[in-house]
Amino acid sequence: MISPPSNLHSARTSDSRRIVFLNRYFYPDHSATSEILSDLAFGLSSRGFPITVITSRLGYDHAERSVAAREVLHGVDVWRVWTSRWGRHRLIGRSLDYATFYLAAGWRLWRLARPGDIIVAKTDPPLLSVIAALIARLRRAALINWQQDIFPEIAEVLGIGGTIGQKVLTFFRGSRNWSLRTAAMTVVPGERMSKVLGGIGLAPETIRVIPNWSDGKRITPIDPSQNSFRKKWGLEDCFVVGYAGNLGRAHEIETVLGAMKALNHRALSGDGIARLIKFLFLGGGALRPRLEEEAGKCGLTNVQFHPYQPRQQLAEVLSAADVHLVILNPAVEGLLVPSKIYAAAAAGRPAIFIGDARGEIARMLDVSGFGFTVAPGDPSNLELGILRLARSPELCRLLGTRARAAFEQSWDQTIMVTRWEKLFQELAETRAGDRVTK
C-alpha cells in the first residue's frame, strides 16, 4: 500500500470532503482513460481519500458487458449508470450513447454531490465539463476539469462529423469555454496543452500540468528470453517492433506501413537482419482495420495483429516488444498526449515517436534519451532507425535502461498520485482561505 506524506495526512483526516470522478469508462475496462482514472482512484483511496466514481456500464471495445450497477472496489464507491449501447463505431450511435450518459451521470451527480465536494470531470464523453460545471455551481462543490484532450478543437482538426458536426461543435464552444473558466482548476497532461488552454482565456494559475503515468510495480522489464508472449506468438528469435493500444483517428498509419513494406522487401531479398524484424500490433482503434487490410493486400509476412490482452499480464505484453512505436498526427499536437509512452518506459523499452519533432513526446525522448523521432511521411527514416536498433542489441539495451530510469524518476504512478494529492490539498486550503476572507 502507498503511504501518504505525513503533512498531507494530518490535514486530510480532519477533512471529509469527497472526491467524485466522472468518466464514461472505469475498471475493469482497458481503455486508456479508464486505466489512468482507475489507478488514481484506487491510489487515492489507499491513502484515505473518500472516492466516488460515476461511470457507465459500457466497455470500450464491447458495448455489451455484465457489470454491477453499484459496488465498492478497493474502497472506491462506483456508480455505473445506464446508457444506450450503440458502441463507438457509428457516429449517430456514439452520439446517443453520449447523450444518455450526460443525462444519467448528470442526474446521479445531482443526487450525490454536496457542498464542499470536489468533482473531477474527465473528457469522455466530450463536453462533460459543461454538465459538471452546472451541477458543481448549484451544489456548491468545487470542479476540476481533467482534460485528456481538448474538444471540440481536436474534432475540428480531424474533420469529425462533417459540415453539420462542425456547426454543432461551434455552437457548444461557448459553453465549453464557460465550464473551463469557472472551474477551480484544469489539469492537462502536457505543457503544450496548457498553452492551448491559456490561449482560450484560462488564467495560468488555474492550469496544472500533471502527466499521465504507468504503474511501475505492475509493469516491469522482462527479458525477451523469459517472455511467454514471444514464445506464444513465435517471436523468440525476432526483433519485435510493437504498438500497444488504440490506433485511432489522432494517429496515422502511412509511415509505419511504408516501413513495413520496405523491411518486408529487404527480408525477401535475403537481408538477414530484416528477416528477424517483426511488427506486433496489440489493441484496436479506428485505423487498425485499415492497417490490417493493407498489410494483407501487400502480402506482408512481417506483421502480427492481436486484440487487447489481459491487464494482469501487461508487463509481459509490453516486454514482448524490443522497441515501441508511439504515433501522433502533428495536426493534433497540443490537443492530446499519447499515454502509451509511459507504459513503454515502464517496461524498459526504447520508443520511436512518429510525429512532430517539436512536440511533447519528441521533447521527452530528447531529454531522457531513450528513443528518437521520425517525421510522419518519412518511412525510409523509420526503416533505417529500426534497422539500426535491430543491428545493435547493446544500443537497444542502453536505451531501454534509460527508459526505465526516466520512468522511475518522473512518471511512476506513485509520483503522480502524490501530485494529485497535493493539488487537492492546495484546493482545500484555497477554499478555506476564501471562506475566512468572506
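Residues numbered from 1 in each chain as written. Predicted model: local features only at pLDDT ≥ 70, side-chain atom pairs only at ≥ 80, totals over all residues. Heavy atoms only, no water.

**Student:** When you look at the environment of Ile119 in this model, what are you seeing that I'm missing?
**Tutor:** With respect to the helices, strands and loops of the structure, Ile119 is situated in strand E5 (residues 118-121). The buried category is assigned to Ile119, whose relative accessible area is 0%. In this structure, the C-alpha to C-alpha distance between Ile119 and Ala136, residues 17 residues apart in sequence, is 7.1 Å. Here Ile119 is in contact with Val20, Leu22, Leu109, Ala113, Ala132, Ala136, Ala141, Ala142, Leu143 and Ile144, once residues within four sequence places are set aside. (Helix = DSSP H or I, 4+ residues; strand = E, 2+ residues; numbered from the N terminus. Buried < 20%, exposed > 50% of the residue type's maximum accessible area, 1.4 Å probe, protein only. Contact = heavy atoms within 4.5 Å.)

**Student:** Please explain helix H15 (residues 379-391) as it appears in this structure.
**Tutor:** One turn of the α-helix equals 3.6 residues, which is why residues spaced by three or four share an orientation. Here H15 is 13 residues long and its end C-alpha atoms lie 18 Å apart, about the 18 Å a rise of 1.5 Å per residue gives. Along H15, the positions that sit buried rather than exposed are Leu382, Glu383, Gly385, Ile386, Leu387, Leu389 and Ala390. (Expected span 1.5 Å × (residues − 1).)

**Student:** Would you take a moment to explain the pattern of salt bridges for this structure?
**Tutor:** In the structure shown here, the tally under the stated rule is 24 salt bridges. Via salt bridges that share partners, Glu153, Glu156, Arg173 and Arg176 belong to a single interconnected network. (Salt bridge = Lys/Arg side-chain N within 4 Å of Asp/Glu carboxyl O.)

**Student:** What's the story with the environment of Arg419 in this structure? I'm lost.
**Tutor:** Turning to its location among the elements, Arg419 is positioned in helix H17 (residues 413-437). What makes Arg419 partly exposed here is its relative accessible area of 35%. Through-space distance from the C-alpha of Arg419 to that of Pro211 is 9.8 Å; in sequence the pair is 208 residues apart. Residues within four places of Arg419 in sequence aside, it is in contact with Val209, Ile210 and Pro211.

**Student:** Would you mind showing me how to read the nonpolar core here?
**Tutor:** Where a protein is soluble and globular, its nonpolar side chains tend to be buried together. Counting 73 residues, the largest nonpolar core has Phe21, Ile144, Trp146, Trp420 and Phe424 as its most contacted members. Leaving out residues up to four positions away in the same chain, Trp146 has contacts with Phe21, Ile36, Leu37, Leu40, Val120, Ala121, Lys122, Thr123, Val187, Asn212, Trp213 and Trp420. By size, the runner-up hydrophobic cluster in this structure holds 33 residues, among which are Leu257, Leu287, Leu291 and Ile354. (Core = buried A, V, L, I, M, F, W, Y, C linked by side-chain atoms within 4.5 Å.)

**Student:** What is the right way to read the pairing of strand E12 (residues 323-327) from this model?
**Tutor:** Within a regular strand, side chains alternate between the sheet's two faces. Counting buried positions over the five residues of E12 gives five, a clear majority of the element. Of the two faces of E12, the one holding Val323, Leu325 and Ile327 and the one holding His324 and Val326 are both buried throughout. Bridge count between strand E9 (residues 239-246) and E12: two bridges; the pairing is parallel. Each bridged residue has a counterpart across the sheet, and for Gly242 the counterpart in E12 is His324. Two elements, E12 and strand E13 (residues 351-354), share four bridges in a ladder whose sense is parallel. Among the inter-strand pairings, His324 is bridged to a residue of E13, identified as Ala351. Where the polypeptide runs from E12 across helix H13 (residues 340-346) and back to E13, its parallel neighbour, the crossover connection is right-handed. (Pairing = 2+ DSSP bridges. Right-handed = clockwise from strand over helix to strand, strands pointing away.)

**Student:** What exactly am I supposed to notice about empty space enclosed by the protein here?
**Tutor:** The rolling of a water-molecule-sized probe over the atoms marks out the regions of remaining empty space. For the structure shown, the criterion picks out three cavities of 30 Å³ or more. The calculated volume of the second largest cavity comes to roughly 70 Å³. Around the second largest cavity, the lining residues are Lys122, Thr123, Pro125, Pro126, Leu127, Leu128, Ser129, Gln147, Asp149, Phe151, Arg176 and Leu180. In the lining of the second largest cavity, the residues fall into six nonpolar, three polar and three charged. (1 Å grid on protein atoms, 1.4 Å probe; cavity = no way out; pocket = protein on both sides within 12 Å on 5 of 7 lines; lining within 4 Å. Points joined across faces, edges and corners; volume = space filled by probe spheres on them. Nonpolar A, V, L, I, M, F, W, Y, C, P; charged D, E, K, R; others polar.)

**Student:** Which parts of the structure should I look at to understand a nonpolar patch on the surface?
**Tutor:** A surface patch of nonpolar side chains, amounting to about 380 Å² of accessible area, comprises Trp86, Ile92 and Leu96. Within the secondary structure layout, Leu96 lies in helix H3 (residues 91-112). (Patch = residues over 30% accessible without salt bridge, like charges linked within 9 Å, V, L, I, M, F, W, Y side chains within 5 Å. Areas by Shrake-Rupley, 256 points an atom, 1.4 Å probe, with all protein chains shown as cover.)

**Student:** Before we go on, may I ask you to explain the packing of H15 against helix H16 (residues 393-410) in this structure?
**Tutor:** The packing of two helices is summarised by the inter-axis angle and the distance between the axes. Close contact between H15 and H16 brings their axes to 5 Å; oriented N to C, the two are set at 100 degrees. Between H15 and H16, the angle falls in the class roughly perpendicular. Here H15 contributes Arg388, Leu389, Ala390 and Arg391 to the contact with H16, which in turn contributes Pro393, Leu395, Cys396 and Leu399. Its residues assigned to classes, the contact of H15 with H16 shows six nonpolar, no polar and two charged. (Axes fitted to C-alpha atoms, helices over the stretch in contact; angles between N-to-C directions. Parallel < 35°, antiparallel > 145°, perpendicular 65-115°, else oblique.)

**Student:** Would you explain the confidence of the model for the protein chain in this entry?
**Tutor:** For residues with low pLDDT, the predicted coordinates do not support detailed interpretation. Per-chain confidence: the protein chain averages 91 in pLDDT, with 92% of residues scoring 70 or above. Below pLDDT 50 for its whole length, residues 1-15 participates in 20 contacts with residues either more than four positions away or in separate chains. (pLDDT = per-residue confidence, 0-100.)

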